[in-house]
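Structural characterization, general
Spelled out, the chains give:
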Amino acid sequence: MREDFWAYIAGNKRRSSLYTGMTNDLERRMWEHKHPNNPKAFTARYRVTELLWCERFPTALDAIACEKRIKGLSRAKKVAMISAQNPEWEDLSADWYG
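A brief report on the enclosed structure follows. The residue numbering used here restarts from 1 in each chain and proceeds along that chain's sequence as written. The model is predicted, so local features are restricted to residues of pLDDT at least 70 and side-chain atom pairs to those at 80 or more, both for listing and for counting; the totals for chains, interfaces and linings are taken over all residues. As a rule here, side-chain values come from all non-hydrogen atoms in the structure, and water together with hydrogens is ignored.

Before going further, it helps to examine helix 1 (residues 26–34). Listing the buried residues of helix 1 in full gives Leu 26, Arg 29, Met 30 and His 33. With its buried residues spanning 95° around the axis, helix 1 presents them on a single face. Residues of helix 1 that are buried in the fold lie against strand 1 (5–11), strand 2 (18–23), helix 2 (42–45) and strand 3 (50–57). Note on exposure labels: buried denotes an accessible area under 20% of the residue type's maximum, exposed denotes more than 50%, and partly exposed covers the range between, all computed with a 1.4 Å probe on protein chains only. Secondary structure elements follow DSSP: runs of H or I of four or more residues count as helices, runs of E of two or more count as strands, with numbering from the N terminus. Read the arc as the range of directions from the helix axis to the C-beta atoms. Whether two residues touch is decided by their heavy atoms; if any such pair falls within 4.5 Å, the residues are in contact.

Pairs were defined over the aromatic rings of Phe, Tyr and Trp, the Trp ring being its six-membered one, requiring ring centres within 6.5 Å. Orientation was assigned from the angle between planes: stacked under 30 degrees, edge-to-face over 60, tilted for the rest. Using the criterion set out here, one finds 5 aromatic pairs in the structure. The rings of Tyr 8, Tyr 19, Phe 42 and Tyr 46 are connected pair by pair, giving a single aromatic cluster.

With 6 of 8 residues buried, strand 3 is to be regarded as a mostly interior element. Sheet topology places strand 1 next to strand 3; 7 bridges connect them, and they run antiparallel. Within strand 3, the position partnered with Trp 6 by the bridge is Arg 56. One bridge is not enough; two strands pair if DSSP finds at least two bridges between them.

Bringing helix 3 (residues 60–71) into the picture now. In this model, helix 3 (12 residues) spans 16 Å end to end at C-alpha, consistent with the 16 Å of a helix rising 1.5 Å per residue. At its buried positions, helix 3 is contacted by strand 1, strand 2, strand 3 and helix 4 (75–85). Expected helix span is given by 1.5 Å per residue-to-residue step, counting one fewer step than there are residues.

All right, on to the sheet that holds strand 3 then. Judged by pairing direction, the sheet is antiparallel, and its 3 strands sit side by side in the order 2-1-3 without closing on themselves. Only two strands of the sheet have a single partner each, and these edge strands are strand 2 and strand 3. If you compare each strand with its neighbour and ignore which way they point, the axes differ by 15° on average. Two strands pair when backbone bridges link them, and strand 1 and strand 2 are joined in this way by 6 bridges, in the antiparallel orientation. The partner of Ile 9 across the bridge, within strand 2, is Thr 20. Helix-sheet contacts for helix 1 involve strand 1, strand 2 and strand 3, and the interaxial angle to strand 1 is about 25°. Here helix 4 sits on the sheet in contact with strand 1, strand 2 and strand 3, set at roughly 80° to strand 3. Axis lines are fitted through C-alpha atoms, for helices just across the contact stretch, and the angle between N-to-C directions can take any value from 0 to 180 degrees.

So, in structure tokens, the structure goes:
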């Protein structure tokens, strides 16, 4: 069985907060962002619930390297990445949960 790994950027509806992460289960991870257990977590406090950008990788190390690279970018460069893949800034996970 092949496992995929993802680097992703999630944000809130107001586009004021961005969160960069990596996971081996993007659907589960976005569910966790949309239904937070810890109200003090950054993503819960700032209502980071929308998947704005993602990229699949064959290994965890590749996804982690991408996540670290993105975290080192300026906000303007992150916005440019999102806009290049998702010009309308739509929630890419909006229809995943019925």
